[in-house]
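Close look at the chain arrangement
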Amino acid sequence: MTLYHGTISSGAENIIKNGINLKRGKSMVDFGQGFYTTPSFSFAKSTAINKAYKTNSYNKNNYVEPYVLSFEFDEEKAKEKCK
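The text that follows walks through the structure, step by step, so that each part is easy to find. (Residues numbered from 1 in each chain as written. Predicted model: local features only at pLDDT ≥ 70, side-chain atom pairs only at ≥ 80, totals over all residues. Heavy atoms only, no water.)

Scanning the protein chain from N- to C-terminus turns up three helices and two strands. Listing the helices and strands of the protein chain from first to last along the sequence gives β-α-α-β-α. Dimensions of the protein chain, computed from C-alpha atoms along their principal axes, come out at roughly 50 × 25 × 25 Å. Residue burial in the protein chain is summarised as follows: out of 83 residues, 22% are buried. (Helix = DSSP H or I, 4+ residues; strand = E, 2+ residues; numbered from the N terminus. Buried < 20%, exposed > 50% of the residue type's maximum accessible area, 1.4 Å probe, protein only.)

See the structure below:
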């Protein structure tokens, strides 16, 4: 299963370079602090665009791009590890 994560350029670069850090997520969000993914590319894309828009509106001197990262998640392997 392919999962997607919508972010901005600096977030994507950090994830690619350092991996996923669950402690970097915001604590006051829908399901608590963590790393959010979705099986919907369009939802991840809209999330990335919204994040870029908000960041660019706050930081007028530095333009950031929206990014969507994809991850392959093996459901069968996950089920085996839970046994």
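Past the structure itself, the notes keep going.
With that settled, consider the packing of aromatic side chains. Summed over the entire model, instances satisfying the criterion amount to three aromatic pairs. With a centroid separation of 5.4 Å and 85° between ring planes, the pair formed by Y4 and F41 is classed as edge-to-face. Taken together, the residues span a long stretch of sequence, with Y4 in strand β1 (residues 2-8) and F41 in helix α2 (residues 41-58) at a distance of 37 residues. Judged by its relative accessible area of 43%, F41 is partly exposed. (Phe/Tyr/Trp six-rings, centres within 6.5 Å; stacked < 30°, edge-to-face > 60°.)

The next thing to look at is a nonpolar patch on the surface. Taken together, the side chains of V29, F31 and Y36 present a nonpolar region at the surface, about 320 Å² in accessible area. Tracing the sequence through the fold places V29 in the loop between α1 (9-18) and α2. Classification of V29 by relative accessible area gives partly exposed; the value is 34%. (Patch = residues over 30% accessible without salt bridge, like charges linked within 9 Å, V, L, I, M, F, W, Y side chains within 5 Å. Areas by Shrake-Rupley, 256 points an atom, 1.4 Å probe, with all protein chains shown as cover. Salt bridge = Lys/Arg side-chain N within 4 Å of Asp/Glu carboxyl O.)

In this structure, the largest pocket occupies an estimated 1100 Å³ of space. Counting residues per element, the lining of the largest pocket draws most heavily on α2, which supplies seven residues. Grouping the constituent residues of the lining of the largest pocket by class yields nine nonpolar, 15 polar and five charged. (1 Å grid on protein atoms, 1.4 Å probe; cavity = no way out; pocket = protein on both sides within 12 Å on 5 of 7 lines; lining within 4 Å. Points joined across faces, edges and corners; volume = space filled by probe spheres on them. Nonpolar A, V, L, I, M, F, W, Y, C, P; charged D, E, K, R; others polar.)

We now examine the environment of E72. Mapping E72 onto the fold places it in strand β2 (residues 66-72). Classification of E72 by relative accessible area gives exposed; the value is 64%. Residues E72 and L3 lie 69 residues apart in sequence; the distance between their C-alpha atoms is 6.3 Å. When neighbours within four sequence positions are excluded, E72 is seen to be in contact with M1 and T2. (Contact = heavy atoms within 4.5 Å.)

Mapped onto the secondary structure, T7 falls in strand β1. Residues contacting T7, with those up to four places away along its chain left out, are A12, A48, K51, E65, P66 and Y67.

By themselves, these observations are geometric and do not establish any function.
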